[in-house]
Amino acid sequence: MLFTEIDYLENQNSSKTKKPRVFNLPPTKNFAFNFVKGLLNRFNNSVWRDQPEFLSKCTILTANQRTAAIIKEVFSKAKVTHSPRVFQIQDLSGFLGTSITKNYSEFEFFQRDIITNLERFIIIEQLAVDFLQENSDFRTKAISYDIASTAENLIDEFNANNLSLEDINGLDSDDLSKNSKASIETLKYVFKHYIEYQSSSNRIDLSYKHSWEISCLLNHWRTKPPKDPIIVVGSTGSRNSTANLMKAVSQFPQGAVILPGLDKFLPEEAWKILTPDHPQYGYVYLAKRWGLQAKDLKLISKSPIWYPCNKLNTNQRLNFFSLAFRPAALIHSWVAEGNLLTKNLKKIMAGVTLIEADNTHIEAKALALAIRDSVRKNLSVALITPDVNIGRFVTSELERWDIIPNNSLGQSLDKTKEGIFVSQTLMIMSKDFTIGDLIVMLRNPIYPLREVEAHNKNICRLEEATICDEKFSECCDFYLEWAANQDSDFSSWVQWLFGLFQPKNLFSKTSPLSEFVKIHEKFIEELLLGPTKFFDGDSVDNNSQFFWNTENGCEIKNEFQTLKTISKKIRKVNFSEYKLFLEKFLKSKEVYKNSSENDTVFIWGTLEARCQSADVFILAGLNEGIWPKNEKNSIWLNRMMGTKFSLDFNARKIGLSAHDFQQFSMAKKLILSRSTELENGPSIASRWLFRIEYLLKSLGSDGTQSLRILKKRGSRLLKRASGLNDKNIQFSAL
C-alpha cells in the first residue's frame, strides 16, 4: 500500500472519520521534481518496494497538460522501470476510457465534436441579435457583439462552477434594478438557446465537456471507487468541478491530494481573514467547496509536507514573502516578525535584483544582458512574463549574441506574419483603404512576390507616384488612367493589382457568411499567385500552396471552413460583420511555437512556468494591468448575484497570479523587472513590488540598505544596457 492509516491520522487528529488526505509542497522552484522524488521515496518505503511493476498501477492527475508532460519527463530521467499513468484534469477522456467499465465510446457526449471558439462566438452573437429583435426595448442598450464577447466568458465560469440554466431561472428578480432584470432575461435567452444548439448540432462546448467528464467520473466512483493509488497534484481547486474531484480522491483509501505552494508561515489568524486576491486564498476557497468547517481548515493549512525540499535560506526567503503578503489587518506584524528576519536579510536578498527601466525597450535590453551573463556562467535562465511584447523584445535583443531562446510564450494569431497578412487583405477589401495600406501589404514578409525583382520595382514606381502627386491617394481610377500611359509591363501589373479588390456590390448588400469567405479566399489566392507572367507553371502552383501550408495558414484555412459550415445557421451579414468575426478569431486565437531547442534559455508564460525550474528566474512586466492583469467586473451579474453563485473568479484570478509570483520568488537567483512608462504614460508598479518595498522600508536601516542594494544591481544592468550599441560591453556578475 502506498498510503497507510498513519497518513489519515496525521490529518485528522487521531480521528478515524472519513476526512481528506492532503499533503503539500511549499513554494519551490522545482515542484515537479520534488513531487516525483517524494512519490518514489514513499514507494520505496511501501510494501511494493520489491515489486516495481506496481508503480504503474498508480494514477496521477495533474492541473494542466504542461505539468503532466514535465512529470513524465522527470520519471523518464529517474530511470525507473515502470512509471505511473499521468493525465491532465482538463482532458480526462483517456482516463475515463480506462477507468469506467462501460464502453466509454458509447457515451453520447464523447462522440460529439468540440465547438470552436469562433463558432461559439458567432452562434452566441446570433442569439443576441435574435433576442434584441424580439425585445425592441433593449436595442439601444446593448450591442450583439458586446453581448457575445462577455456572455461566452460567463458561460465558461458557469460550466467551471457546475452552474446551469436552472440556477439562472431560480434567481429572484423582484428586488433587481431594471438593468439587472434586462441582463438576466438576456442571459436566460442566450443560455437556453445555446444549449439547444449544442443538442441539435450534436456538438459540445469545451468548458462543459470538462465539467461533464469530472461529473461522469465521480458518478462511477460512487459505486466502484478505485482500489489502486490515485493522486491529484499541482491544483488549487479554483474551479468547482476540480475541487469536487480533489475531494473525492482525497477520501479514497489509496487517494491523496498534493497542494502546490502552501505557505506554512502564514499564522492561523491570517487564514481566517484572507481575501480572494491573496496568494493562499485558493485553499480557503477549497475548504469551503469541500464543506469543511472553519475549525477544520487546518486539515489543509497544517497538512504534512509531501517531500522536505527547502533549505534554510529558501525557508527564510519564503518567510519574508509570506510576511510581505500578510493581510492588511495584520500589517502591524511586519515590525514584530520582520525584526526577526533583519539579521538574515542580507542572505535572504542575496540573489535578488530589481530593475526599474524607463520603458519596455530598455527593460528588454537589460534583461537580455542578464540572460547573456547567466549563459556565460553556464546557468539556466527563464524569463517569465504574461506580456508577449516583452518576450518578443528580449528575443530580438538576444540575437546580437546569437542566443535563440526556447520561447514557448504564446501570441495571438493576428501578431503572426500570416495573421497580419490576412488582416491587411481585409483592410484592402474595405472601402476606406489607402494606397499606402496596399503598398504595406505587398511588402509583407510572407508575401512570395517580394522575391520577384520586377514586382518590387513596380511597387517602388507606385510608391514614388503616390508621394509625388496627392491625386494618387484620392482615386483608384486615377491610377489606372496614369498607368495606361506607362510602359506595357507596368500598366498590365497595375491593372492586375487594382482588378483584385473591386468585387461588385461587395459593401452594399448582405450575403451568407460563406459568400464573403469565398470572396476573401479568392482574393488571397489571386494575390499570392500574382501575374502569371512572373512565374512558370510550377512556381505558380508552389505560390498558391505556400501560404496555406504554413502552420498558421492551416489554422486560418480551418476557420474559413468553420465559417462556411455555420453560414446556414445564422442570418445574412454584411462585409463589416464578416470582418468583425474574422478579426475576433485572429485576436483570440493563441498560437505557440518554440523558436529553438535551447535547454538553458527559456521564455515562459505564467501558466507554463508552474512546476518548471531554472537556475535564474526573471519575472518581467511587473506593472498593474500586466502582472497582475486587470480583471473587469461582470456586466451581467451584480455583486449580490455574484455572491449567490460564488462567482468571485475575477478576484480569485488575481490571487492565483499572486500565488504564481510567490512560487517563482523562491528561485536562488531572482530578477524582478518593470518599466516606469507604458504607452507614453506612467505605469503603476505591481502591488506585490509595493509590498516588498514597503516591508523592507519598515525594517529600519537594514531593510532600507537591502532595498538600495536590490535597486543598485538593477541600475548596473540598466547602465550597461544603455551602452549596448557600443562595441565593447563589459561582462559582469548579476
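Predicted, not measured: the structure shown is a model, and the values here were computed from it. (Residues numbered from 1 in each chain as written. Predicted model: local features only at pLDDT ≥ 70, side-chain atom pairs only at ≥ 80, totals over all residues. Heavy atoms only, no water.)

Draft legend 1. A look at the overall build of the protein chain. Along the backbone of the protein chain there are 32 helices and 17 strands. Contacts spanning at least 24 positions in sequence make up 78% of the contacts within the protein chain whose residues lie at least 6 apart. Surface accessibility of the protein chain: about 34500 Å² in total, with carbon and sulfur atoms responsible for 49%. (Helix = DSSP H or I, 4+ residues; strand = E, 2+ residues; numbered from the N terminus. Contact = heavy atoms within 4.5 Å. Areas by Shrake-Rupley, 256 points an atom, 1.4 Å probe, with all protein chains shown as cover.)

Draft legend 2. The arrangement of the pattern of salt bridges in detail. Evaluated as defined, the whole model comprises 35 salt bridges. Note that aspartate 205 and arginine 120 form a salt bridge whose closest N and O atoms lie 3.1 Å from each other. Of this pair, aspartate 205 sits in the loop between strand E5 (203-204) and helix H9 (206-223) while arginine 120 is found in helix H5 (residues 117-134), placing the two residues 85 residues apart along the sequence. Per residue, the accessibility class of aspartate 205 equals that of arginine 120, and both read buried. In this structure, glutamate 397 engages arginine 400 in a salt bridge whose closest nitrogen and oxygen atoms are separated by 2.6 Å. Linked by salt bridges that have partners in common, Arg120, Glu152, Asp156, Asp205 and Lys584 make up one network. (Salt bridge = Lys/Arg side-chain N within 4 Å of Asp/Glu carboxyl O. Buried < 20%, exposed > 50% of the residue type's maximum accessible area, 1.4 Å probe, protein only.)

Draft legend 3. Spatial organisation of helix H32 (residues 700-721). With 22 residues, H32 should reach 32 Å at 1.5 Å per residue; the first-to-last C-alpha distance of 32 Å fits that figure. Regarding H32, the residues found buried are Gly703, Ser706, Leu707, Leu710, Arg713, Gly714, Leu717, Leu718, Arg720 and Ala721. For H32, the secondary structure elements touched by its buried residues are helix H16 (345-348), strand E8 (352-357), helix H17 (360-376) and helix H31 (687-698). (Expected span 1.5 Å × (residues − 1).)

Draft legend 4. Quick look at the nonpolar core. Core analysis: the largest hydrophobic core is formed by 80 residues, its most contacted members being Tyr578 and Leu637. Of all the elements, H5 adds the most residues to this core, at 9 residues. Ignoring anything within four residues of it in the chain, the contact list for tyrosine 578 reads Leu426, Leu513, Phe516, Val517, His520, Phe560 and Leu563. In terms of nonpolar packing, the next biggest core, distinct from the first, is built from 40 residues, Val22, Phe252, Tyr281 and Trp290 among them. (Core = buried A, V, L, I, M, F, W, Y, C linked by side-chain atoms within 4.5 Å.)

Draft legend 5. Highlighting the sheet that holds strand E15 (residues 669-675). With parallel pairing, 6 strands are arranged side by side in an open sheet as E8-E15-E14-E9-E13-E10. Pairing within the sheet leaves two strands with one partner each, and these edge strands are E8 and strand E10 (406-407). In this structure, E10 lies alongside strand E13 (residues 601-604), joined through 2 bridges in parallel fashion. Bridge pairing in E13 links asparagine 406 to phenylalanine 602. Against the sheet, H17 touches E8, strand E9 (381-384), E13, strand E14 (616-619) and E15, its axis set at about 165 degrees to E15. (Pairing = 2+ DSSP bridges. Axes fitted to C-alpha atoms, helices over the stretch in contact; angles between N-to-C directions.)

Draft legend 6. Quick look at the packing of H9 against helix H10 (residues 240-250). The geometry of H9 relative to H10 is characterised by a closest axis approach of 9 Å and an angle of 25 degrees between their N-to-C directions. Taken as axis vectors, H9 and H10 run roughly parallel relative to one another. At the point where H9 passes H10, the crossing takes the left-handed sense. In this structure, H9 contributes Ser211, Ile214, Leu217, Leu218 and Trp221 to the contact, and H10 contributes Ser241, Thr242, Asn244, Leu245, Ala248 and Val249. Of the residues contributing to the contact of H9 with H10, the split by class is 7 nonpolar, 4 polar and no charged. (Parallel < 35°, antiparallel > 145°, perpendicular 65-115°, else oblique. Left-handed = near helix turned anticlockwise from the far one by under 90°. Nonpolar A, V, L, I, M, F, W, Y, C, P; charged D, E, K, R; others polar.)

Draft legend 7. Representation of empty space enclosed by the protein. All told, the structure shown has 3 cavities of 30 Å³ or more when counted by the stated rule. By volume, the largest cavity is sized at about 80 Å³. What lines the largest cavity is a set of 13 residues, and nearest its centre among them are Pro279, Tyr281, Gly282, Gly655 and Leu656. Going through the elements one at a time, helix H12 (281-289) and helix H30 (649-664) are the ones with two or more residues in the lining of the largest cavity. In terms of residues, the lining of the largest cavity owes the most to one element, H30, which gives 4 residues. Among the residues forming the lining of the largest cavity, the class breakdown is 5 nonpolar, 7 polar and 1 charged. (1 Å grid on protein atoms, 1.4 Å probe; cavity = no way out; pocket = protein on both sides within 12 Å on 5 of 7 lines; lining within 4 Å. Points joined across faces, edges and corners; volume = space filled by probe spheres on them.)

Draft legend 8. Main features of the confidence of the model for the protein chain. Chain-level pLDDT for the protein chain is 84 on average; 87% of the residues reach the 70-or-more range. Note that pLDDT drops below 50 for residues 726-734; the model gives that stretch 20 contacts with residues more than four away or on any other chain. (pLDDT = per-residue confidence, 0-100.)

Draft legend 9. Highlighting the sheet that holds strand E1 (residues 22-25). Pairing within the open sheet is parallel, and its 5 strands lie in the order E1-E7-E6-E2-E3. The outermost strands of the open sheet, each flanked by one partner alone, are E1 and strand E3 (85-88). The average angle at which neighbouring strand axes cross in this sheet is 20 degrees, direction not considered. The sheet contact formed by strand E2 (residues 59-62) and strand E6 (residues 230-233) spans 4 bridges and is parallel. Bridge pairing in E6 links threonine 59 to isoleucine 230.

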